[in-house]
Amino acid sequence: MFFVAAGMFTVSDAQAMHISEGILPFNWAALWFAVAAPFVAAGLFQLAKRSKTDLSFKPLVGLMAAAIFIISCMPIPVPTAGTCSHPCGTGMSAILLGPWISVLVAAVALLIQALFLAHGGLSTWGANIVSMGVLGSFTGYAIFKVLRSVRINMAVAGFTAGLFADWATYAGTSAILASGIKGDAPFMPLFWKILISFMPTQLPLGILEGAMTAGMIVLLYKKRPDLLEKMHVITTGERQEAKG
Amino acid sequence: MEYFSEDFRKHHMLTGIDARVKFIVAIAVLIMVISYKGFVFPLAVVLLNICLCMKMKVPFRALMLRLSEPLAIILVLILLKFLFSGREPLFSLSLFGLSVTGHKDGLIEGLMIAGRVLGAVSVIAVLGFSTPFTELMSGLSWMRIPKGFIEILMFAYRYIFVLFEDAMVIYNAQKNRLGYCSVRRGLNSFGTLAGSLILKAFDHSQNTTVAMVQRGYDGNMPLLRHKPFRLSEVVVSALFIIAMGCIWTLG
């Protein structure tokens, strides 16, 4: 039966990363807003602090949000599912801007998508910020930092960060969905069913997102190491190393 | 992307209404929809919003595109609830040695979620179709959403279209040079595209900052000023919310 549901997702649900408007009942929607709020507030605090010393920081975060929005709207073919899906891009933004600002970037991209494209929703905005913004950003950032601290090369660290940021988002979305729609049924069986239903698109998509993040970070490392240094992704020594 | 733009947002019955009033009404109806347990209210909301979209002359294709993703999700959710959730079996059959059971209560629950999704999506669709972005931002600032967040939203919205054009130019160039002819090359090209977009975003942000500082930017962007509320709009909106509340209670 899992595969029946899995098959249904693969042919129809190309935008499965966002929890659609209205899926969560009021109490669950409110709870996820409450969970997301401190993270967004911390992101805003960081934004205010950094933009005091750097006037270009707000435009930079806004443009990064626009870039992440476009990347997350780009259809990528998922060979195993025979369909297209889209990356979430939060791993990438977390590496470049840090996890707190990345939550803010995700919140902005999700709000525009909810209001003008019906990807995600206003009532599920909090839930989507938690799954995409918080889980995706913090997982991607932590993995990238840990791997870089043990001198793993940029491409592998970027790939792993993108991969796990995507999969963390997918697991979070499944948990939030299961808790919201379970009704009187127990949580765990429904959680596993939703998780398995997502697999045909999300497992290969995570690999694609990892490859995309690795491609992005390697390109920046080769072409614009100064930019990575400005964003505290690499040290001055590493920049000089990159310049050769 | 053409249906994302505001090109078809012509003058109609809702354009003249204050964005704050539309926002409050939309949020009130949205809360009613997601807190309702049944079919009547969400379906009434969907019908009302489809009529409003027709009145606003929203292209049918745009409306369908807006509803396509939620409809796909609804279909999956109904089947998930029907087949995996519930206690009252409606039918049971054997497929390749596996037993498939459909549940009546699961189906009803699934349909209730479907109604909720459609109702909620239609509310936000009408809000999005009837309100320009800058007015929505002004409404958000009136609702005490932090200014820093609104500024980021405005920068992002302004540059989505610029970066989208840049992305299309890069994508077409890659495609014309067989950048997507195999999975491996496709992955490579997509990574390069993402990296190039980040570079473009960085360059645009530097140029924008220079241009804005030359025009007096001090780290804060001015937003639309709030006009006083019109009494007629407030009264009509309050009556509308009360009427919807009555349907919500009775339904």
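The rules behind each value
- Residues numbered from 1 in each chain as written.
- Chains lettered and ligands numbered in written order.
- Predicted model: local features only at pLDDT ≥ 70, side-chain atom pairs only at ≥ 80, totals over all residues.
- Helix = DSSP H or I, 4+ residues; strand = E, 2+ residues; numbered from the N terminus.
- Buried ≥ 20, exposed ≤ 12 C-beta atoms within 10 Å, placed from the backbone.
- Contact = placed C-beta atoms within 7 Å.
- Rg over C-alpha atoms; globule rule 2.2 N^0.38 Å.
- Nonpolar A, V, L, I, M, F, W, Y, C, P; charged D, E, K, R; others polar.
- pLDDT = per-residue confidence, 0-100.
- Domains from an automatic or database assignment.
- Axes fitted to C-alpha atoms, helices over the stretch in contact; angles between N-to-C directions.
- Left-handed = near helix turned anticlockwise from the far one by under 90°.
- Pairing = 2+ DSSP bridges.
- Expected span 1.5 Å × (residues − 1).
- Bend = angle between axes of the 7 residues up to and from the residue.
- Parallel < 35°, antiparallel > 145°, perpendicular 65-115°, else oblique.

(A) Quick peek at the overall build of chain A. When you go through chain A residue by residue, the secondary structure sums to 10 helices and 2 strands. Listing every helix and strand of chain A by position from the N terminus yields α-α-α-β-β-α-α-α-α-α-α-α. Within chain A, the fraction of its 244 residues that count as buried is 61%. A sequence separation of at least 24 residues applies to 74% of the contacts in chain A between residues at least 6 apart.

(B) Seen up close, the overall build of chain B. Within chain B one finds 8 helices and 2 strands. Mapped in sequence order, the helices and strands of chain B form the string α-α-α-β-β-α-α-α-α-α. Relative to the compact-globule value of 18 Å for 251 residues, chain B shows a C-alpha radius of gyration of 24 Å, a clear excess of over 25%. Dimensions of chain B, computed from C-alpha atoms along their principal axes, come out at roughly 70 × 60 × 30 Å.

(C) Representation of the environment of Phe202(B) in the model. Within the element layout of this structure, Phe202(B) appears in helix α7 (residues 183–214). When neighbours within four sequence positions are excluded, Phe202(B) is seen to be in contact with Leu60(A) and Leu227(A).

(D) Structural context of the interface of chain B and chain A. With 68 residues of chain B in contact, the opposing surface of chain A contributes 64 residues. Listing elements by their share of the side of chain B that touches chain A, those giving two or more residues are α1 (19–34), α3 (60–84), β2 (98–103), α4 (104–130), α6 (147–176) and α7 of chain B. Looking at the side of chain B that touches chain A, the element that brings in the most residues is α7(B), giving 19 residues. Class assignment of the residues belonging to the side of chain B that touches chain A gives a composition of 48 nonpolar, 15 polar and 5 charged.

(E) Molecular detail of the confidence of the model for chain B. All names here are of chain B. Per-chain confidence: chain B averages 85 in pLDDT, with 95% of residues scoring 70 or above. Averaged over each element, pLDDT in chain B is lowest for α3 (81) and highest for α1 (92). Confidence estimates for the predicted assembly give a pTM of 0.87 and an ipTM of 0.86.

(F) Looking closely at the domain arrangement of chain B. Along its sequence, chain B is carved into domain 1 (19–131 + 228–250) and domain 2 (144–214). Taking only C-alpha atoms, the centre of domain 1 of chain B and the centre of domain 2 of chain B are 34 Å apart.

(G) Up close: unusual backbone geometry. Residue and element names in this part refer to chain B. Not every positive phi belongs to a glycine, and Arg-144 is a case in point at roughly 65 degrees. Secondary-structure assignment places Arg-144 in the loop between α5 (133–142) and α6. Residue Arg-144 is classed as exposed on the basis of its C-beta count, with 7 C-beta atoms lying within 10 Å. One non-glycine residue with positive phi stands out, namely Leu-178, at about 60 degrees. By C-beta crowding, Leu-178 is classed as exposed, having 10 other C-beta atoms within 10 Å.

(H) Representation of the packing of α1(B) against helix α2 (residues 40–55) of chain B in the model. Residues and elements named next belong to chain B. Interaxial distance between α1 and α2 falls to 9 Å at its minimum, and their mutual angle equals 145 degrees. Crossing hand, α1 versus α2: left-handed. Only Phe-41, Pro-42 and Val-45 of α2 make contact with α1, whose side of the interface consists of Val-29, Met-32 and Val-33.

(I) A look at the confidence of the model for chain A. With 88% of its residues at a pLDDT of 70 or more, chain A has an overall mean of 84. The low-confidence segment residues 1–16 of chain A, where pLDDT is below 50, has 41 contacts with residues more than four positions distant or belonging to other chains.

(J) Here's a closer look at the pairing of strand β1 (residues 89–95) of chain B. With 0 of 7 residues buried, β1(B) is to be regarded as a mostly surface element. The hairpin formed by β1(B) and β2(B) contains 2 residues between the paired strands, and Phe96(B) there has a positive phi angle of roughly 50 degrees.

(K) Molecular detail of α3(B). Residue and element names in this part refer to chain B. In this model α3 runs 35 Å from its N-terminal to its C-terminal C-alpha over 25 residues, within 8% of the 36 Å that 1.5 Å per residue would give. Taking the largest bend as the criterion, α3 deviates by roughly 40 degrees, centred on Ser-68, and proline Pro-70 comes between one and four positions later. Among the residues of α3, Leu-63, Arg-66, Glu-69, Pro-70, Ile-73, Ile-74, Leu-77, Leu-80, Lys-81, Phe-82, Leu-83 and Phe-84 are the ones counted as buried. Two residues or fewer past α3, Gly-86 is found with a positive phi of approximately 120 degrees.

(L) Layout of the packing of α1(B) against helix α8 (residues 231–250) of chain B. Residue and element names in this part refer to chain B. The interhelical angle for the contact between α1 and α8, taken along N-to-C directions, is 5 degrees, at an axis separation of 10 Å. Overall, the two elements α1 and α8 adopt an arrangement that is roughly parallel. Taken together, the residues of α8 that come into contact with α1 (itself represented by Val-21, Ile-24, Val-25, Ala-28, Val-29 and Met-32) are Glu-233, Val-234, Ser-237, Phe-240, Ile-241, Met-244, Gly-245 and Trp-248.

(M) Local environment of α7(B). Taking 1.5 Å as the rise per residue, α7(B) with 32 residues should run 46 Å; its terminal C-alpha atoms sit 46 Å apart, in good agreement. Gly216(B) sits one or two positions beyond α7(B) and adopts a positive phi of about 95 degrees.

(N) Structural detail: the environment of Ile23(A). Mapped onto the secondary structure, Ile23(A) falls in the loop between α1 (2–12) and α2 (26–53). Separated by 154 residues in the primary sequence, Ile23(A) and Leu177(A) place their C-alpha atoms 7.9 Å from one another.

(O) Spotlight on the environment of Met13(B). Relative to the helices and strands, Met13(B) is located in the segment before α1. Considering only alpha carbons, one finds Met13(B) and Met56(B), 43 residues apart in sequence, at a separation of 7.2 Å.

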